[in-house]
Each structure stands twice: as C-alpha cells, then as structure tokens.
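# Working through the structure, step by step
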Amino acid sequence: MLDYEVSLEVDSDYSVFAPGLESETTNGERKKYFFSTQQVRDFPMIAYKNPNVKKYKIRDVDIVYINMPEVHHHVLNAFDYIESKTGLYPYKEFFVALAPISLQGMEFSQMIFLSDSLLYNATALRKLIYHEVFHQWFYGLIGTNQVDEPFIDEGLVCYLTNDLLGEGGNHNYNESLYFEGLDKYPTKSKYYAHIYNNGAAYFAKLHRIHGDTFDKLLYNIYQKYNGKILTKKDFEQELLMLDN
C-alpha cells in the first residue's frame, strides 16, 4: 500500500476525477488539480468533457457516479452485503465511472470503470457492479498475487457476486485448473473459464461445506490481511484454522 500526491494540469474544458482531491484552480484555458491519498493499492484517475455527475452517501462515504445511469441501489446492495461479511469500507470516496473500455469492467482503488456497452444490458450491469465493488475488498484492501495466484481474488469475487444474486452456481471444480499463474493459460477464454468460473465453484463448495462459518473465514481474512497480501498458503492456513 502506498501514499500518493499527484499534480495534474489539463485544458479547462476537462473535469478530472480521482481520490483525495485537495485543490482545483482554473487559470484561463488551463485547470490545475492536486490530489493526495493514503494507503491505497494504486492511484486511478479519469477525465471527461461535460460529465454528468451524481453524488450519494453510504454512511460518511461519498459515492460519485460519472455518466452513469441510476445504479445507486446496486452499489448500496453490494456495500451492505460485503461489509456484513468482512468489515467497513475505510475511505471517504468511491467513484463509479462509465468508460469506453474493451473490458466490461475494471477495478482500481476507490474507483471502478464500467463499459458503456453495459448500458443496454441491465442484468449484466448489475452483475458487473457487484463484481467490481467486491474488488474494493479483495484487491483494493486485501491484496493478492494477481500474476501467480489470480484465482484468490477473481474466484472469490465471482462466487460472492453469484451468492448475492442468488445464483447457486456449480460446486464441482478441478483444483488443477485454477491453482496456476497467468502464464499457464494459453487463451483468454481458458483464463476466464478456469480462474473465474472454476474458482467460483471452489469457493461455493467451501461455503456449502462450512456453512455460516464461511463468513467467519472472510471476516478473519479482512482483519488479518487488510492492507497486506493474502497468498494461497495464507488462505489455506486460515481455512485450516477454521476447520480446527
């Protein structure tokens, strides 16, 4: 986790969004920004011309929507669900930004991008919102080795998304298919099938086996690894402690 101080100057017809805005000044045709944020996994920003901005609150957290349709109820559902299983979102801001990206969604610290292609699919939009919000906990707060052990955050986030949606999913999985690094998957489709779908099945089976104590596992991980890196070995140790 790092602290960031970022200065940026843009044409005055742009608006820039990023965590930790300290100052914004305009001088003629130029605009200057200064941001300062602490203990984050990365530092995202996005710039727009004439953005449509809406702001809501979840407790004392400012939820900022940029060029998004009305989706606050989905974000609120996701926050309520994941905070009840782990712990509170510790920052003062969270940005939900519509962006022209090739992926459907992308997570960053205190910000998520959602593809403009999702505007025409309300079901997919809700699912992606849940998925990317949960990454604020499993990526943003609880880090993982995304190159060598990508199943931990992606598989878990996929399972939690399915659980909130009421989709039981498949409990059958092949362990050899997802305990691998990125270099083991020759195609993007195999990566998604093994890490996302097969990984979700693994966590679904864990939840079925352990019942309500599965939430205790998530809570313990949040308490111990918030701001740190959770490895496969760490996860297995936490699972063993749960069994005992």
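For the structure given in this document, a descriptive report is provided here. This one's a predicted model, so the numbers in the text were calculated from it and none came from an experiment.

So, about the sheet that holds strand β3 (residues 21-27). Spatially, the three strands line up as an open sheet ordered β1-β4-β3, and their pairing is antiparallel. At either end of the open sheet lies a strand with only one pairing partner, and these are β1 (2-11) and β3. Along the sheet, successive strands turn relative to each other by an average axial angle of 10 degrees, direction set aside. Judged from the six bridges that link them, β3 and strand β4 (residues 30-40) form a sheet pairing that is antiparallel. Following the sheet pairing, S23 is matched in β4 by F34.

Further remarks concern the packing of aromatic side chains. On inspection of all chains with the given rule, the structure shows 20 aromatic pairs. Measuring from ring centre to ring centre gives 5.4 Å for Y81 and F134, while their planes differ by 35 degrees; the resulting arrangement is tilted. One end of the pair, Y81, is in helix α1 (residues 72-85); the other, F134, is in helix α2 (residues 122-134), with 53 residues separating them in the sequence. Across the pair, exposure class does not vary: Y81 and F134 are buried alike. Centre to centre, the rings of Y89 and Y91 are 5.5 Å apart; their planes meet at 75 degrees, and the pair counts as edge-to-face. Classification of Y89 by relative accessible area gives buried; the value is 3%. In this structure an aromatic cluster arises from ring pairing among F79, Y89, Y91, F94 and W137.

Parameters at a glance
- Residues numbered from 1 in each chain as written.
- Predicted model: local features only at pLDDT ≥ 70, side-chain atom pairs only at ≥ 80, totals over all residues.
- Heavy atoms only, no water.
- Pairing = 2+ DSSP bridges.
- Helix = DSSP H or I, 4+ residues; strand = E, 2+ residues; numbered from the N terminus.
- Axes fitted to C-alpha atoms, helices over the stretch in contact; angles between N-to-C directions.
- Phe/Tyr/Trp six-rings, centres within 6.5 Å; stacked < 30°, edge-to-face > 60°.
- Buried < 20%, exposed > 50% of the residue type's maximum accessible area, 1.4 Å probe, protein only.

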